[in-house]
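For reference, the chains in residue letters:
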Number of protein chains: 2
Amino acid sequence: MRRLFLALLASLPGFTGAATPRPPADLLITNGRVLTMNATREVIADGCIVIRGERILAVGPAALAAQYAPARTIDARGGIVMPGMVNAHTHLAMTVFRGLGDDVPDRLRRFIFPLERNFVDRAVVRDGTLLGLLELIEGGVTTFADMYYFEDEVARVTRQAGLRAVLGQTIVNFPAPDSPEPYGGLALARQFIAAYRDDPLITPAFAPHAPYTVDPRHLRLVAEASAELGAPVLIHLAEMTEEMTSIRRDHQMTPVEFLDSVGLLNRRLVAAHCIFVSESDQALLQAREVGIAHALVANLKSAKGVAPALRMFEQGLRVGLATDGPMSGNTLDLIGQLGYVAKVHKLDRKDRNVMPAATVVEMATLGGARALHLEDRIGSLEAGKLADVVIVDTSSTALQPLYDPYSALVYAASPRDVRTTIVHGRILMEDRVVRTLDAEAIKARLRELGARIQTTLAGGLR
Amino acid sequence: MRRLFLALLASLPGFTGAATPRPPADLLITNGRVLTMNATREVIADGCIVIRGERILAVGPAALAAQYAPARTIDARGGIVMPGMVNAHTHLAMTVFRGLGDDVPDRLRRFIFPLERNFVDRAVVRDGTLLGLLELIEGGVTTFADMYYFEDEVARVTRQAGLRAVLGQTIVNFPAPDSPEPYGGLALARQFIAAYRDDPLITPAFAPHAPYTVDPRHLRLVAEASAELGAPVLIHLAEMTEEMTSIRRDHQMTPVEFLDSVGLLNRRLVAAHCIFVSESDQALLQAREVGIAHALVANLKSAKGVAPALRMFEQGLRVGLATDGPMSGNTLDLIGQLGYVAKVHKLDRKDRNVMPAATVVEMATLGGARALHLEDRIGSLEAGKLADVVIVDTSSTALQPLYDPYSALVYAASPRDVRTTIVHGRILMEDRVVRTLDAEAIKARLRELGARIQTTLAGGLR
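Thresholds applied
- Residues numbered from 1 in each chain as written.
- Chains lettered and ligands numbered in written order.
- Predicted model: local features only at pLDDT ≥ 70, side-chain atom pairs only at ≥ 80, totals over all residues.
- Helix = DSSP H or I, 4+ residues; strand = E, 2+ residues; numbered from the N terminus.
- Rg over C-alpha atoms; globule rule 2.2 N^0.38 Å.
- Buried ≥ 20, exposed ≤ 12 C-beta atoms within 10 Å, placed from the backbone.
- Contact = placed C-beta atoms within 7 Å.
- Least-squares fit on C-alpha atoms with pLDDT ≥ 70 in both.
- Core = buried A, V, L, I, M, F, W, Y, C linked by C-beta atoms within 7 Å.
- Nonpolar A, V, L, I, M, F, W, Y, C, P; charged D, E, K, R; others polar.
- Axes fitted to C-alpha atoms, helices over the stretch in contact; angles between N-to-C directions.
- Parallel < 35°, antiparallel > 145°, perpendicular 65-115°, else oblique.
- Left-handed = near helix turned anticlockwise from the far one by under 90°.
- Expected span 1.5 Å × (residues − 1).
- Pairing = 2+ DSSP bridges.
- Domains from an automatic or database assignment.

A. A look at the overall build of chain A. Within chain A, the regular secondary structure consists of 15 helices and 17 strands. For 462 residues, the compact-globule formula gives about 23 Å, and the C-alpha radius of gyration of chain A, at 23 Å, lands near that figure. Each principal axis of the C-alpha atoms in chain A carries an extent, and together these give about 75 × 50 × 45 Å. Within the span of chain A, comprising 462 residues, buried residues form 58% of the whole. Across chain A, the fraction of contacts at a sequence separation of at least 24, relative to all contacts at a separation of at least 6, is 72%.

Now the structure itself:
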């Protein structure tokens, strides 16, 4: 009533009362070290973020707070306030297999495909994805790209969790858990894309598994359908030596050139890995505006190699960071990846100056947004962008003292330092409590699933 | 009185009463997945540890618990119970500079030495070390090796914290914060070693900085004093390309051969880094039973290279893991190192099978004990060893499901999962609360120190 009165008063011509009504806001975040990731990569030592609805209304110094009438205020208590992180390539449901098949050879065909054949159904995808969503929220990831089976189920629980995502229905040349016929995923993808076409958080996509598990005809069909529907395409690319060899043998091309030849290399493509990309491949990826998901930790664990992500980033390619699935990199948060990216690229270049902490944080935020072609909407804290915001607490022992927030994030922080996660203006986690998911029930369910899988494995897989 | 009566009763010949008195124990840990690291690397799925005084009395299955009358029982709640981890090389006090001089060239002479000249005094060493001790306890490290100035101050607060340590007083060819004359550290080291000779937790040591910062005469003096006093020697070795070049130029030897020529290569030496060691260097290190601290994460961040730690470990050398100081690797816990060790060595060997998780955990525990020549006392959970035990909680999201405890520790755990840390039979942290140190006061002090240093740096260093 008082607000209405003030608003009426303010609307009178010539009104200049001391109690000038302040524009309303839904949420104010105060008392943070704000990493904006804006065009000048501005860092505001004592900053404030103003959110209304799903958007950022304003970003600025502490004094900004007094100009708004917020419904709620969150005190960041001196923590780091940053754009939500983007995990540009994962397979969330595979949390159910996390830690199986580590340290062994020929994992894909000896472990992953048989495990999926034996265990993956809609319920397992639901439960595995729920755990993955929980881990993302707890780790400050606000947007992710996922490729798996039953992707409509992934979409359903992602909507429940409140995260932003590009979700790709898998298409592959063998019978899959969600499709008895090879390539059945193509029809499923079309249905899925139709169902989620206008979702504010979920961008449905095609996910042909890889150039070596989808034949040229089906890759062309995916390219045409993607153009027709304006839907993204997610794929694994230039990841394995046998992939390089077989595509060279069959098509006399690199995998990147091959994807171009079937019409897939364009602004709708997000390619994971890109380890074995020549300079001319990189130029092609750049010219076609392809997004690249750099999954360094998974690539190290599989001994595949270090993608030239730093060179690609320096050249202006769309490079984001990714964990890959939890059977590959084991965890899903991005803070755990940052140190690896900084340090392994220094080793790779034999130069301790390259890949500085600020660059790594950029890759994890704006870089990921660019990789998913979403940089007009997310990736930085700027007025007009969608309100995907993370608050990282800086009170843990490993973060004392804190001279440089980028350095602290990359070289010393833990995903457990993330305190609050906001997506699309909605608080998904506050003070480590996830509001949209029942964490304990999800974890208990995964423990049961794990016990069942372990018992079955003891009897041998078919 | 009743216990005495029962003991007397039990001593009677033929006594077989139902209430057979159970031997007393100070502490029982039950309901844990016990990684013993004993000779057969036994893992007990539902195990129990019995502690009396500073020693482990028994390790076995759950049923063991009923055989003892414990003063206290800790329920590990299904968590991982493992030997306390060993951080085989660090400079704890440098927490005060953590995050300064990241991503820049020529750091040692442009940043570290000037910062130390300007800021390091006894009080700074005390405060910086206290924060480091806190981080070690919180991260499940129970033994560490430290080299710094005012090492007697480090010893004083380490005793207060209750950790086990090999502490080396630095000896160097320039005026140091604790000694106006070059090499003043040698006399300080003798005093320090005399003062701590019989300490149950602290092994005092000499710490000549490196083969390129201590001349041959003083290296020989250290070797002689070490032999005379039976005191260990800690040193940086084969770490930098300019070290390799200058020692080749001045002595026509590798740094390892050079240390042998001055009498330092023996069972009392712990050498940090050993990145640039030839096969013949490695054979010499093995023959002389030198301990090696593999500080992979710091070596990556400085782009120095990957030490042949896996080969040395496979050959039976004494290889432990280390963080180096917090200006080098930024954090001090070992769990944060494990994933790097597993994955970067796979990359280095181009083989995803090598450096399996169990090997990495061995390096972090028994390996570190062997590196510090303490394997007869610590490094495994076995009857008769000192009771240095860590409980890692396995309820966090990233650890669901848990098929293999080694894999979980190496590829998915966080130092924040450590719940309880026990050294010498004493509980230093329980349920994340450190009992021996005032965590909040120490962190507040470091924040003040950091603010003062940052202000001074803004004005320029002398």
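Next, the rest of the story.
B. Up close: the relation of the copies chain A and chain B. Here chain A sits on chain B after a turn of 180° about the axis and a move of 0.0 Å along it, with an RMSD of 0.0 Å. What the superposition gives is, in effect, a two-fold axis relating one chain to the other. Most of the interface of chain A is mirrored in chain B, where 100% of its interface residues again form contacts.

C. Region of the structure containing the nonpolar core. Grouped together as the largest cluster of nonpolar side chains are 325 residues, with contacts concentrated most on Ile49 and Leu409 of chain A together with Ile49 and Leu409 of chain B. Ranked by residue count, the leading element in this core is helix 13 (residues 357-371) of chain B, at 9 residues. When sequence neighbours within four positions are dropped, the list of residues in contact with Leu409 of chain A reads Ile80, Ile335, Leu338, Ala357, Val361 and Val392 of chain A.

D. Representation of unusual backbone geometry. Between Gln400 of chain A and the following residue, Pro401 of chain A, the backbone shows a cis peptide bond with an omega angle of -20°. Locating Pro401 of chain A in the fold gives a position in the loop between strand 14 (389-392) and helix 14 (405-411). The backbone of Met37 of chain A shows a phi angle near 60°, a positive value even though the residue is not glycine. Of the residues examined, Met37 of chain A has 24 C-beta atoms within 10 Å and is grouped as buried. Non-glycine residue Met355 of chain B carries a positive phi angle of around 50°. Structurally, the position occupied by Met355 of chain B is in the loop between helix 12 (335-349) and helix 13. Given 26 C-beta atoms within a 10 Å radius, Met355 of chain B is considered buried.

E. Just the interface of chain A and chain B, in detail. With 48 residues of chain A at the contact, the number on the chain B side is 48 residues. For the side of chain A that touches chain B, the secondary structure elements donating two or more residues are helix 3 (122-138), helix 10 (296-301), helix 12 (335-349), helix 14 and helix 15 (439-458) of chain A. Counting residues per element, the side of chain A that touches chain B draws most heavily on helix 15 of chain A, at 6 residues. For the side of chain A that touches chain B, the per-class residue count stands at 22 nonpolar, 11 polar and 15 charged.

F. Structural detail: the packing of helix 3 of chain A against helix 15 of chain A. Residues and elements named next belong to chain A. Following both chains from N to C, one finds helix 3 and helix 15 inclined at 130°, their axes separated by 9 Å at the closest point. By the angle class used here, helix 3 and helix 15 are oblique. Considering only the axes of helix 3 and helix 15, their crossing is left-handed. Contacts between helix 3 and helix 15 involve Val124, Asp127, Leu130, Leu131 and Leu134 on the former and, on the latter, Ala439, Ile442, Lys443, Arg445, Leu446 and Leu449. Here the contact of helix 3 with helix 15 is composed, by residue class, of 8 nonpolar, no polar and 3 charged.

G. Focus on helix 3 (residues 122-138) of chain B. All names here are of chain B. Between its terminal C-alpha atoms helix 3 stretches 24 Å, which fits the 24 Å expected from 17 residues at 1.5 Å a residue. By the criterion of burial, helix 3 is predominantly enclosed, with 14 of the 17 residues buried. Of the residues trailing helix 3, Gly140 is marked for its positive phi of about 80°.

H. Highlighting the pairing of strand 13 (residues 318-321) of chain B. Residue and element names in this part refer to chain B. Residues Arg318 and Gly320 of strand 13 are buried on one face, and the alternating residues Val319 and Leu321, pointing to the opposite face, are buried as well. Relative to strand 13, strand 12 (residues 291-294) is paired through 4 bridges, and the arrangement is parallel. Bridging across to strand 13, Ile292 finds its partner in Val319.

I. Highlighting the domain arrangement of chain A. Residue and element names in this part refer to chain A. One can read the domain layout of chain A as domain 1 (17-83 + 383-431) and domain 2 (85-371). Relative placement of domain 1 and domain 2: their C-alpha centres are 29 Å apart. Counting residues per element, the ones that place at least two in the side of domain 1 that touches domain 2 are strand 5 (80-83), strand 14, helix 14, strand 15 (418-423) and strand 16 (426-430). In terms of residue count, the dominant contributor to the side of domain 1 that touches domain 2 is helix 14 (5 residues). Classifying every residue of the side of domain 1 that touches domain 2 by side-chain character gives 16 nonpolar, 4 polar and 3 charged.

J. Representation of the packing of helix 3 of chain B against helix 4 (residues 151-161) of chain B within the structure. All names here are of chain B. Packing of helix 3 against helix 4 leaves a shortest axis separation of 9 Å and a crossing angle of 35°. Considering how the two elements wind past one another, helix 3 and helix 4 form a crossing that is right-handed. Counting all contacts with helix 3, which are made through Arg122, Val125, Arg126, Thr129, Leu130, Leu133 and Ile137, the residues of helix 4 involved are Glu153, Val154, Val157, Thr158 and Ala161. Looking at the contact of helix 3 with helix 4 residue by residue, the class counts come to 7 nonpolar, 2 polar and 3 charged.

K. Highlighting the environment of Ser396 of chain B. Residue placement: Ser396 of chain B occurs in the loop between strand 14 (389-392) and helix 14 (405-411). The spatial distance from the C-alpha of Ser396 of chain B to the C-alpha of Ala412 of chain B is 9.8 Å, given a sequence separation of 16 residues.

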